[in-house]
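# Survey of secondary and tertiary structure
Residue strings, one per chain:
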Amino acid sequence: MFGSGKEVDTQSSARSNLRFRTRKTYNLQRTKYNVQLRKNLNVMIMSTVTSPERKRIHPHKFTMWLALGSIIMMFAALTSAYIVKKEQSNWLLFPLPKIFWYSTLVILFSSLTMFLSAKAFKARDMVKYRTLITLTAVLGILFGALQWTGFTDLQLHGVKIFGVGSNASASFLGIIVGLHVVHVLGGVIALLVLFFRAFSNKQKIYSPVPVEIVSTYWHFVDILWIYLFIFLSFVNR
Amino acid sequence: MSNDAVLHGDAVVLPHSGVHHGEHHEHHHHETFITKYVFSQDHKMIAKQFLITGMVWAVIGGLMSVLFRLQLGYPDATFPWLEDILGKWAKGGRISAEAYYALVTTHGTVLVFFVLTAGLSGTFANFLIPLQVGARDMASPMMNMLSYWFFLAASVVMLSSIFVETGPFSGGWTAYPPLSALGDASPGSKTGMDLWLTSMALFVVSQLLAGINYISTVLNLRTKGMSMTRLPLTIWALFFTAVLGLLSFPVLFSGFILLIFDRNFGTSFYLSDIFIASTNKALPNEGGSAILYQHLFWFLGHPEVYIILLPAMGMVSEILSTNARKPIFGYMAMIGSLFAIAILAFLVWAHHMFVTGLNPFLGSIFVLLTLLIAVPSAIKVFNWLTTLWRGNIRFTPGMLFAIGFVSLFISGGLTGIWLGNSALDIHLHDTYFVIAHFHIVMGVASMFGMFAGIYHWYPKMYGRYMNNTLGYIHFWLTMIGAYLIFWPMHYEGLAGMPRRYYDYSVWESFKQFAELNKFISTVVIIVFAVQLLFLFNFFYSIFKGRKVTTLNPWGSTTLEWTTPIHPGHGNWVGEIPEVHRWAYDYGKDGQEFIPQTQPVGEHESHH
Ligand code: HEM
Ligand SMILES: [Cu+2]
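Computed from a prediction, not measured in an experiment: that's the story for all the values here.

### Let's talk about the coordination of the copper ion (ligand 2)
The copper ion (ligand 2) binds to the protein through H302(B) (ND1), H351(B) (NE2) and H352(B) (NE2), with metal-donor distances spanning 1.9 to 2.0 Å. We note that the donor set of the copper ion (ligand 2) lies within a single chain, spaced as H-x48-H-H.

Shown next as structure tokens:
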């Protein structure tokens, strides 16, 4: 309607070309597109000019970083709420379970095994890789179990976590630590997926991206726990 | 005419295929009804799914407001047909108090989250981001599809809450405890609230999946030459919207988790010293703080209002510039002000809490930060007006709605400045003044943004035009109606009339407004009917509208108009065009417009 003649011309010719396009040529286009995609990835975040020399980031990894951002916000909200609530009345003070120190060691160690397994994967040492991710997953589960023991310990000492008569201070601990464990277990599931994929005969997997993504996530929940542990230890003084 | 046949089926060229284990999957499937319309991974189809689901919700939510306006306008009248449709909720033809509160609450929740968040950014982020940045699809079409399905699941759960025995939640869209935390507090606080929480949790998941995808696409999948500063403002706005959502919805989620534990597991985060009259019981909960919930809620709640508004701002910028045939005035200032608004959105939540016993010193800091938002807002208004100034304006329906948006944003923004002053807000809080403020600045304005977007991009969505005459009628009646409905509410609010009351006729001081309320309710009915006209126009035009015959009917510079009239999955046949310039070369060097794909000429002037 409003388009000037010139504009329409260039485009309609491109269009008419394609009416007879077969599947084959389309696939060809697709390969071209993939090349294009790689080029696009060079256009880095926020830079106003294309800078191909900068290292590109894999879109799935990028997506993981964004997801981590929202997990951070979730815990930031909880720990802020913790501080706000603490400043108000009726706040029970009690020492954290000693066993949290052990779980901290366990999760730190699991980060190491995760790191080594990713390294083994890149070195194509698949036996070592599988052993190490299994170990990491086991350590993750052990971590969860230790946290659980911590809470039963608290209960034994008369600190009620949930239910009638519980104090918000203990409930906060339960929710924050509990949610963190849920995230660790999520990581364990991801590890299991990797594990079974490594055994599948159908396809050989060379791309290190899935392993790298899981390992980023794993280190993240590790660091998150360190933060939470320090936070809970110091703010609760 | 169309390339549908060519592209469909094997065109599932997803951005990962280049990197997915370094191998290519062959897609041998045929497009069936199911894969094309139901489990579609094409961003354009997902956009339409969001749009149409949003429209269904808009009708339901709008109808609810008509019902409760009947109560407010005609508190003494009885309407026997109400009993026919609502049953026990309208015994004797008069809406019961419980039903009234349930209607108000569901109206608010649905309009804010399902229509203006999912329906608005869900539609246009999906539709426009890949088309305008030059990408085949979203970074992860799969996640994109899931985001719609989570939204649909949230919708189904919310809808089901309307039909449960005890009715939907009725404690206001903000779901403050204790009403939201105690099943015994009101009928709606029972199953209705469980469903509300479930629905909202699903909704948060949907928003996170969507937001991650939008950000990832804008940052990673731009076509060659499309630097960030060549992006159309729609994309910038949608980008900031997604960032806001990604950072604020998890906070709401945390607040909900605590609420769920208070509801179901006996904790005392939000509850303290409560005696419930209906069961004659004192609760054991001690030491909780309802204010804590308000902090968590409004930390999302305020960014949420901008999540609703920013997409509208972006589309309006684009539509104004295109139809004024002039470059947008102050492109960088527009981005800067979007950025400022996005930052400030996180720093002002306590202006919803001035009367909660907030420390007045803290309050004054929030006053300052709140009033600061007026600065970027004013920059935007100034730039829109200067874009229009001496433009060669084409008054298409889309353009009219965009101009209407600017008018509404000014009117509603000004009353925001009143409310932002805590000294005034102590008087105005929870009155009809607030209702007037946010309906004009957020509700109607964003709705106008959405209408503008629909009229403007309809030719790209369906390859047909909507009927112009109906569009003009729709615009003028809605515009006049919206002001007639909400303007008088300012006076009611100034006179102290509180919001969320069932019946004002029993108060001596509000009897003076009886006629005014009747008037408002009457206009509401008319404006609602006018929206049906729009719906008719929308659906009729899908099948019978005038066909689009040129690629670029509005003479736009942006990339979406370089795709075929009916773009298949993958958007462009062949290579994605390269971009050589910004999106606003209108009226440059004597040319009406220069598309982004045209290389910069040797003797071209600088903009
Ligand atoms: C200059 C800009 C603005 C200022 C200073 C401002 C200030 C305020 C203040 C202080 C309140 C609280 C009133 C009360 O409850 O007592 C409020 C309520 C509200 N504002 Fe604004 N506002 C501005 C712009 C906006 C915009 C742009 C939107 C949405 C797009 C918006 C949406 C809302 C909503 C939804 C509420 C009410 C929420 C509720 O209580 O249900 N405001 N505004
Ligand atoms: Cu606000």
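### Here's the deal with the packing of aromatic side chains
Residue and element names in this part refer to chain B. Tallying each qualifying case throughout the model produces 77 aromatic pairs over all chains. Seen from their ring centres, F39 and W149 are 4.9 Å apart, and the 20° between their planes marks the pair as stacked. Pair noted here: F39 is in the loop between helix 2 (33–38) and helix 3 (43–73) and W149 is in helix 6 (residues 141–162), with a separation of 110 residues, a long-range link. Aromatic pair Y100 and Y101: ring centres 5.4 Å apart, planes at 70°, arrangement edge-to-face.

### Details of helix 8 (residues 233–264) of chain B
Residue and element names in this part refer to chain B. The terminal C-alpha atoms of helix 8 lie 45 Å apart, and with 32 residues this matches the ideal 46 Å at 1.5 Å per residue to within 8%. When the local axis directions of helix 8 are compared, the greatest deviation, roughly 25°, occurs at L246, which is followed within four positions by the proline P250. Of all the 32 residues making up helix 8, 27 are buried; the element is thus mostly covered by neighbouring parts of the structure. Phi turns positive, to about 70°, at G266, one or two residues after helix 8.

### Observations concerning the confidence of the model for chain B
All names here are of chain B. When pLDDT is averaged along chain B, the result is 91; 95% of the residues meet or exceed 70. Predicted confidence is poor over residues 1–29, with pLDDT under 50, and the contacts of this stretch with residues over four places away or in other chains come to 72 contacts. Listed scores for the predicted complex are pTM 0.88 and ipTM 0.87.

### Overview of unusual backbone geometry
Here the residue pair P177(B) and P178(B) is connected by a cis peptide bond, since its omega of 5° sits within 30 degrees of zero. Looking at the element boundaries, P178(B) is found in the loop between helix 6 and helix 7 (191–220). Here R124(A), not a glycine, exhibits a phi torsion of approximately 60°, which is positive. Positionally, R124(A) belongs in the loop between helix 4 (99–122) and helix 5 (126–156). Accessibility expressed as a relative area gives 33% for R124(A), which makes it partly exposed. With phi around 55°, R325(B) is a residue other than glycine that occupies positive phi space. Structurally, R325(B) can be placed in the loop between helix 9 (290–324) and helix 10 (331–344).

Definitions and limits used
Residues numbered from 1 in each chain as written. Chains lettered and ligands numbered in written order. Predicted model: local features only at pLDDT ≥ 70, side-chain atom pairs only at ≥ 80, totals over all residues. Heavy atoms only, no water. Donors = N, O, S within 2.8 Å, 3.2 Å for Na, K, Ca; no water. Phe/Tyr/Trp six-rings, centres within 6.5 Å; stacked < 30°, edge-to-face > 60°. Helix = DSSP H or I, 4+ residues; strand = E, 2+ residues; numbered from the N terminus. Expected span 1.5 Å × (residues − 1). Bend = angle between axes of the 7 residues up to and from the residue. Buried < 20%, exposed > 50% of the residue type's maximum accessible area, 1.4 Å probe, protein only. pLDDT = per-residue confidence, 0-100. Contact = heavy atoms within 4.5 Å.

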